Amino acid sequence: MIVVRKAERDSRVFALAYASYSTVDAPNLDLEGIATHASAKNASLGITGYLCYDHGVFFQYLEGEQKAVLGLMDVIEKDTRHDVINKVMLGEHEQRIFPDWSMRHLNRSDLRRVDLENVLEHSLFHMDPKLYGHDNIVALIRALVANIAARQAQLKVV
Ligand SMILES: Cc1cc2nc3c(=O)[nH]c(=O)nc-3n(C[C@H](O)[C@H](O)[C@H](O)COP(=O)(O)O)c2cc1C
């Protein structure tokens, strides 16, 4: 009998990313509360990724088992604290890019620390599917995510 180890069974992960506008003013937006709750719930769902917020705009990257990610996205989309504008399916990876981040909130100083403060804005400007093909958008988000992943070690030093 061939025994498939759990790590091998789980090795393919599905990823998606979205951008949304916050419907709540920055002073009333409990970002740390959202991130802390998300992190705890994602840990139980086996979902990892990161969440950025800047000037009224969220960007979130989610990875995990496809059903779990799509199910969570349904919940997140119904959240009245934001309006999801652009949701992009990134397909499958061989393995997780952020295995240690059940939902890392990357704030402006995190991004500044690794010189990425303009990356989010830059990517959002290029995400209109009417102007850019789906493949270009996926390639752009993958580049953004790879940039952050390459600097995970730096970002852990808070
Ligand atoms: C920008 C944004 C990102 C969110 N990300 C997550 C997330 O990654 N995981 C999560 O469980 N909830 C996330 N939420 C919260 C969900 O929309 C929802 O409120 C929460 O999952 C409900 O949790 P409950 O089942 O414990 O009531 C997010 C909300 C917002 C506004």
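Here, the structure is the one placed above.
What you are looking at is a predicted structure, and each value in this text was computed from that prediction instead of being measured.

A. Representation of the sheet that holds strand E5 (residues 104-106). Within the open sheet, the five strands sit side by side as E4-E1-E3-E2-E5. Their pairing is mixed. Every interior strand has two partners, whereas the edge strands, strand E4 (82-93) and E5, have only one. Recorded for the sheet is a direction-independent mean angle of 15 degrees between the axes of neighbouring strands. Contacting strand E2 (48-54), strand E3 (57-64) and E5, helix H2 (residues 31-45) runs over the sheet at an angle of about 150 degrees to E5.

B. Geometry of the side chain of His-105. Here His-105 shows up in strand E5. Within the local environment of His-105, its side chain forms a polar contact with the side chain of Glu-32, the two groups lying 3.0 Å apart. If sequence neighbours within four positions are ignored, His-105 has contacts with Leu-31, Glu-32, Ala-35, Leu-51 and Asp-110.

C. Quick peek at the site of the ligand. Within the structure, the ligand sits among 16 residues, and His-37, Lys-41, Asn-42, Gln-60 and Asp-79 are positioned closest to it. At 2.8 Å from an oxygen atom of the ligand is found a side-chain nitrogen or oxygen belonging to His-37. Between the ligand and Lys-41, the relevant distance is 2.8 Å, taken from an oxygen atom to a side-chain nitrogen or oxygen of the residue. Here the ligand has 620 Å² of accessible area as a free molecule, and 79% of this is covered by the chains. Cavity membership is defined here by more than half of the atoms lying within 2 Å of grid points; on that basis the ligand lies in the largest pocket. With five residues, H2 is the single largest residue contributor to the shell around the ligand. Here the shell around the ligand is composed, by residue class, of nine nonpolar, four polar and three charged.

Rules of the game
Residues numbered from 1 in each chain as written. Predicted model: local features only at pLDDT ≥ 70, side-chain atom pairs only at ≥ 80, totals over all residues. Heavy atoms only, no water. Pairing = 2+ DSSP bridges. Helix = DSSP H or I, 4+ residues; strand = E, 2+ residues; numbered from the N terminus. Axes fitted to C-alpha atoms, helices over the stretch in contact; angles between N-to-C directions. Contact = heavy atoms within 4.5 Å. Polar contact = N/O pair within 3.5 Å; in protein donor to acceptor, adjacent residues only side chain to side chain. Near = heavy atom within 4 Å. Areas by Shrake-Rupley, 256 points an atom, 1.4 Å probe, with all protein chains shown as cover. 1 Å grid on protein atoms, 1.4 Å probe; cavity = no way out; pocket = protein on both sides within 12 Å on 5 of 7 lines; lining within 4 Å. Sits in = over half its atoms within 2 Å of the grid points. Nonpolar A, V, L, I, M, F, W, Y, C, P; charged D, E, K, R; others polar.

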